[in-house]
Amino acid sequence: MPPPPPPPLPLLLLASLAAVAAGPGCPLGRGRAATCVDPQLRTCSDVAYNHTAFPTLLGLRSREAVESSSEYILLSVLHHLLEGQCNPDLRLLGCAVLAPRCGDGRVHRPCRHVCEDLREACQPAFDAIDMAWPYFLDCGSYFASVEEGCHDPLEKLRGGLDAEEVLPSGLPPTFVHFTHHSYAQMVRVLRRTAARCAHIAKTYSIGRSFNGKELLVIEFSARPGQHELMEPEVKLIGNIHGNEVAGREMLIYLAQYLCSEYLLGSPRIQRLLNTTRIHLLPSMNPDGYEVAAAEGAGYNGWTSGRQNAQNLDLNRNFPDLTSEYYRLEASGSIRSSRIPIPQHYWWGKVAPETKAIIKWMRTTPFVLSASLHGGDLVVSYPFDLSKHSQEEKFSPTPDEKMFKLLARAYADVHPMMMDRSENRCGGNFLKRGSIINGADWYSFTGGMSDFNYLHSNCFEITVELGCVKFPPEEALYTIWQHNKEPLLNFVEMVHRGIKGVVMDKFGKPVKNARILVKGIRHDITTAPDGDYWRLLPPGSHIVIAQAPGYSKVIKKVTIPARMKRAGRVDFILQPLGTGPKKFLLGPRRSGSAVRDPLGGASPYGEPQEPGQEPLGARRQPSAGGSKPWWWSYFTSISQHKPRWLLKY
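An unreviewed UniProt entry annotates the protein as Carboxypeptidase Z originating from Lynx canadensis. Turning to the protein, the UniProt record has this under Subcellular location (unreviewed entry): "Secreted, Extracellular space, Extracellular matrix". Turning to the protein, the UniProt record has this under Function (unreviewed entry): "Cleaves substrates with C-terminal arginine residues. Probably modulates the Wnt signaling pathway, by cleaving some undefined protein. May play a role in cleavage during prohormone processing."

Below you can see the structure in the form of structure tokens.
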């Protein structure tokens with residue numbers, strides 16, 4: 001199927017393209033005296049300063065000249081061309097060149113280090129659409145050093161989030177405020193928590209929402225910021241639907257709780273954080289949350305704010321690998337592991353939030369995950385897409401027993417899920433123990449949990465926290481009390497099963513070796529350091545380790561019913577002789593190697609090192625010297641063309 005045509009730009013932007021200018025002007029000299037004026041530029045209306053000067057750094061002598069320039073037009077449409085990637089950072093950086101800050105009678109050039117950091121982060125997004133890095137964002141030409149008195153154009157973007165939120169007088173720093181948190185408040189709480197527990201916590205961003213909000217994660221570990229050998233990694237994600245806010249608040253509270261309890265010497269929390277790396281993403285959909293929060297608790301509609309700013313349901317936006325799994329299962333040629341993302345997926349509308357999660361999964365060897373939702377009171381587990389296309393019917397994964405254990409680990413210690421009243425919220429699930437196979441409840445494609453299982457080593461469940469999607473503030477403390485123990489109990493389940501290291505006879509780790517379990521047609525692969533984690537239910541299992549070029553090794557392991565710490569099972573692989581190499585392949589594909597924009601190429605769909613390919617390419621790359629798909633945005637309107645955007 002050919003890729004769909006590029007989306008139409010807003011009419012106002014198309015009208016503006018008629019005035020596209022031909023190319024670069026002359027830069028303004030350094031240290032030049034200037035007359036400061038109001039910029040009055042719509043695309044740059046949110047910059048962190050009030051005055052600019054003409055001529056600009058590009059030699060443009062008036063506001064009208066700036067607005068008619070191809071550089072300005074590019075900034076106006078870049079948000080759409082890159083589908084939200086690097087927004088609004090790049091626009092603000094470009095504005096600092098087109099309309100530089102003016103103060104004290106002189107022009108302040110934007111900071112070179114800010115430009116360099118952004119180029120490193122955003123170059124893949126340009127590569128993905130075959131667009132050259134804009135000449136006016138050349139970090140060596142129009143930017144200055146800190147010593148030269150440069151201006152940080154992203155200062156305002158970060159400013160409101162860095163300030164310390166003052167707690168009410170007399171309250172200790174361990175105080176947890178059980179309230180709804182705005183985006184800025186959430187970020188302040190997470191950063192303050194990481195600062196209090198800097199030896200075990202740190203915050204980091206996995207990307208930005210379509211409207212430019214950081215997707216901020218706080219992690220807890222004995223060595224935050226790095227993967228430790230055989231330390232399992234867990235992620236908890238809230239607010240994938242913007243109007244389902246209880247999960248967002250639970251993870252904000254959990255972050256503060258883990259920090260405080262660790263500092264207070266809690267044996268359980270110290271043991272957990274010393275043996276586990278935990279990542280909390282309270283809000284995957286901060287743009288949708290803003291829509292829901294504007295209506296407020298008690299007034300929010302059932303769907304207001306559910307989607308992201310592109311009107312996409314993020315839990316329907318992931319690649320549909322389950323249909324492919326069913327097709328391959330029917331042909332008898334599948335062990336459900338690391339199914340590659342089909343190329344046509346990238347031709348559709350993929351949210352930047354979705355891309356961020358996929359890339360996150362590629363860079364971190366997650367073992368266990370939970371997505372926190374609202375609207376009912378139940379724990380569901382994969383598959384979410386029914387095997388029976390015309391009906392919602394029980395559709396288990398090969399790891400059905402393990403998924404039921406994971407779901408019960410949450411539900412069995414949740415007081416309301418165990419409440420025997422059928423009239424309560426979620427009472428219709430009571431006879432099932434408040435857990436359900438997702439497809440047996442309702443079937444849908446593009447879900448995050450199915451994708452986790454089929455594309456990575458990660459087992460993810462979905463937790464519905466209550467029937468009210470946006471609960472009133474006075475209910476939050478009770479919801480926290482109901483979910484604190486289930487959250488901890490679930491995270492501790494990452495230590496069930498076996499773990500170990502696969503190495504060769506010289507002790508060198510074997511990356512991407514396969515760990516197979518007889519009777520369970522789902523394999524996991526080793527991390528770059530050769531370590532692995534295989535969640536398994538109690539009982540005896542035949543475990544096989546194998547990799548291309550090595551003979552396989554088979555071991556029998558027995559997991560006691562009450563064992564709460566993963567058993568260590570290492571494998572030493574011997575190289576094959578000169579005979580034919582025999583090893584189990586993943587699902588085969590005809591034709592050329594599978595490629596996708598977030599990973600690399602592999603004949604078996606195994607993702608290679610992240611960052612080797614452009615991030616999130618939306619269209620097929622141009623071939624045979626033809627112009628990229630976005631070129632028509634400019635050429636259909638004006639004879640003046642920004643050829644500096646072409647790579648070739």
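Chemist: Just checking my understanding: could you explain the overall build of the protein for this structure?
Modeler: Helix and strand counts for the protein stand at 17 helices and 20 strands. In the protein, of all internal contacts separated by at least 6 residues, the share reaching a separation of at least 24 is 75%. Element-wise, carbon and sulfur atoms account for 52% of the exposed surface of the protein, whose accessible area totals about 26,600 Å².

Chemist: Explain the sheet that holds strand β12 (residues 514–517) here, please?
Modeler: Sheet strands line up and pair through hydrogen bonds in the backbone, either parallel or antiparallel. As summarised here, the arrangement of the four strands in space is β13-β12-β15-β16, forming an open sheet in which the pairing is antiparallel. A single partner strand is all that each edge strand has here, and the edge strands are β13 (520–525) and β16 (553–559). Strand after strand, the sheet turns through a mean of 25° between neighbouring axes, direction not considered. Across three bridges, β12 lies against β13 in antiparallel orientation. Considered in β13, the bridge of I515 is made with I524.

Chemist: Help me understand the pairing of strand β7 (residues 366–373) in this model?
Modeler: Across the eight residues of β7, eight count as buried, placing the element largely inside the fold. The pairing of β7 with strand β10 (residues 459–466) spans six bridges and is classified as parallel. Its bridge partner being in β10, L368 is matched across the sheet by F459.

Chemist: Would you explain helix α11 (residues 321–331) in this entry?
Modeler: At 3.6 residues per turn, the α-helix brings residues three or four places apart onto the same side. Along α11, the residues that are buried comprise L321, T322, Y325, Y326 and L328. Taken together, the buried residues of α11 touch α15 (448–455). Structurally, the start of α11 carries an N-cap: the backbone nitrogen of T322 is 3.3 Å from a side-chain oxygen of D320. Just beyond α11, the residue with positive phi is G332, at close to 75°.

Chemist: So what exactly am I meant to see when it comes to the sheet that holds strand β5 (residues 233–238) here?
Modeler: Taking strand neighbours across the sheet as the criterion, the eight strands line up as β3-β4-β6-β5-β7-β10-β8-β9 in an open arrangement whose pairing is mixed. Both outer strands of the open sheet, β3 (201–208) and β9 (435–437), are each paired with one neighbouring strand and no more. Between one strand axis and the next, the sheet turns by 25° as a mean value, whatever way the strands run. Both strand β8 (residues 376–381) and β10 contribute to a ladder of five bridges, which runs antiparallel. Residue pairing across strands places V378 opposite E464, the latter belonging to β10. Together, β7, β8, β9 and β10 form the strand contacts of helix α13 (residues 400–411), whose direction differs from that of β10 by roughly 30°. Taken strand by strand, α15 contacts β5, β7 and β10, and its axis lies near 165° from that of β10.

How each quantity is defined
- Residues numbered from 1 in each chain as written.
- Predicted model: local features only at pLDDT ≥ 70, side-chain atom pairs only at ≥ 80, totals over all residues.
- Heavy atoms only, no water.
- UniProt positions renumbered as here; feature names shortened; annotations may be inferred.
- Helix = DSSP H or I, 4+ residues; strand = E, 2+ residues; numbered from the N terminus.
- Contact = heavy atoms within 4.5 Å.
- Areas by Shrake-Rupley, 256 points an atom, 1.4 Å probe, with all protein chains shown as cover.
- Pairing = 2+ DSSP bridges.
- Axes fitted to C-alpha atoms, helices over the stretch in contact; angles between N-to-C directions.
- Buried < 20%, exposed > 50% of the residue type's maximum accessible area, 1.4 Å probe, protein only.
- Polar contact = N/O pair within 3.5 Å; in protein donor to acceptor, adjacent residues only side chain to side chain.

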